[in-house]
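Observations on the three-dimensional arrangement
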Amino acid sequence: MTILALAAGVAGAQKLPATIELGASLPMPQLELADATRDDDAAMTLASAATARGLVVIFTSNTCPFVVGNGPKSEGWEGRYRDLTAFAKRCNVGIVYVNSNEAKRSEGESMEAMRQRAKKYKYQAPYLFDEGHKLADAFGARTTPHVFLFDATQTLVYLGAIDDNVDSAKMVKKAWLKDALTAMSGNQAIKVPQTKNLGCSIKRVQ
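Worth saying up front: this structure is predicted, and the values here are computed from it rather than measured.

Describing the sheet that holds strand β3 (residues 55–60)
Pairing is mixed across the open sheet formed by 7 strands, whose spatial order is β2-β1-β5-β4-β3-β7-β8. Each edge of the open sheet is held by one strand with a lone partner, namely β2 (43–44) and β8 (156–160). Note that strand β1 (residues 33–35) and β2 share 2 bridges and pair antiparallel. When the sheet's bridge partners are listed, L33 is paired in β2 with M44. Packing against the sheet, helix α4 (residues 81–90) makes contact with β3 and β4 (94–99), and its axis sits at approximately 145° to β4. In this fold helix α5 (residues 111–120) packs onto β1, β4 and β5 (127–129), with an angle of close to 180° to the strand it touches most, β5.

Below, the structure written as structure tokens:
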């Protein structure tokens, strides 16, 4: 699969912070991040986005083909964001999307570009501007997308990919994030708590 082969070559170009592991606490819960879905770009924190049942944090992008698609070759995952947001809300779990592509702010990853994309695709959850990729570094987030699910105690219980098919929602056989949300909301063990994240590297300033 061409788009997946692309991902293999984008990691490892620079020394990156270690990715947090299962059982870790929510990093930087009080860091204020501007929300591109708000007309006034009002700041919020992960702590304020979390509900009593938990929080999903998805690092994302305006330009990565794993997110936005690659023409007829791949849908990308962004088209599933609204459904994921609605699903998380039905599970009474908060959800946010985070853009940490600091090195590409002038290439489609600016706050204005985020604002326009959030309006065009009718984001139903906060889309947060991670200035200086501080949050991505605290998480050790690697790719867009990269998913982190925290439970009611703000403990990491799932990380990795959204599902097993970036190319087509109809071809998904394993909906890992939804399965984790379902299990967590039902106070059940998550059968697959970690999967391999696939995507473009987060564009950090070196």
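Observations regarding the environment of D151
By the secondary structure assignment, D151 is in the loop between β7 (146–150) and β8. The exposure class assigned to D151 is buried, which follows from its relative accessible area of 19%. In the structure, D151 is positioned 34 residues away from S185 in sequence and 8.8 Å away in space, judged by C-alpha atoms. Apart from residues lying up to four places away in sequence, D151 is in contact with R53, G54, V157 and M184.

Considerations on the pattern of salt bridges
Within this structure, the stated rule accounts for 9 salt bridges. For R105, the salt bridge is made with E102, and the minimal N-O distance between the two is 3.2 Å. Judged by relative accessible area, E102 falls into the partly exposed class, the value being 22%. Close ionic contact of R115 with E112 constitutes a salt bridge, the shortest N to O distance being 2.1 Å. In this pair, R115 and E112 are both assigned in helix α5, 3 residues apart and thus about one turn of the helix distant. Residue class for R115 comes out buried when judged on its relative accessible area of 15%. Each of E75, R80 and D163 takes part in salt bridges that share partners, so that together they form one network.

What to know about the packing of aromatic side chains
The relation between two aromatic rings is expressed through the spacing of the ring centres and the mutual angle of the planes. Going through the model one piece at a time under the given rule, you end up with 8 aromatic pairs. Three or more aromatic residues joined by ring pairs form one cluster here, namely F59, F139, F148 and F150. A cation over a ring is seen here: R105 above F129, with NZ or CZ 4.0 Å from the ring centre.

Re the confidence of the model for the protein chain
For the protein chain, the average pLDDT comes to 93, and 93% of its residues sit at 70 or higher. Note that residues 1–13 has pLDDT below 50 and, in this model, 16 contacts with residues that lie over four places away or in other chains.

Parameters and conventions
- The written sequence of each chain sets the order in which its residues are numbered from 1.
- Selection of residues for local features in this predicted model requires a pLDDT of at least 70, selection of side-chain atom pairs for listing and counting requires 80 or more, and totals for whole chains, interfaces and linings are taken over all residues.
- Side-chain measures here rest on the full set of heavy atoms in the structure, leaving out hydrogens and waters.
- Strands qualify as paired when DSSP identifies two bridges or more between them.
- Secondary structure follows DSSP: runs of H or I at least 4 residues long count as helices, runs of E at least 2 residues long count as strands, and numbering of each begins at the N terminus.
- Here a residue-residue contact requires only that any non-hydrogen atoms of the pair lie within 4.5 Å.
- Axis angles are defined between N-to-C directions and span 0 to 180 degrees, where every axis is a line fitted to C-alpha atoms and, for a helix, only to the segment in contact.
- Type-normalised accessible area, obtained with a 1.4 Å probe on protein chains alone, sets the label of each residue: buried when under 20%, exposed when over 50%, and partly exposed for intermediate values.
- Just to be clear on terms, a salt bridge is a Lys or Arg side-chain nitrogen sitting within 4 Å of an Asp or Glu carboxyl oxygen.
- We call Phe, Tyr and Trp rings a pair once their centres come within 6.5 Å, taking the six-membered ring for Trp, and we label the pair stacked below 30 degrees between planes, edge-to-face above 60, and tilted otherwise.
- Here, a charge over a ring means that NZ of Lys or CZ of Arg falls within 6 Å of the ring centre while also lying within 35 degrees of the ring normal.
- Residue-level confidence of the predictor is what pLDDT reports, using numbers from 0 through 100.

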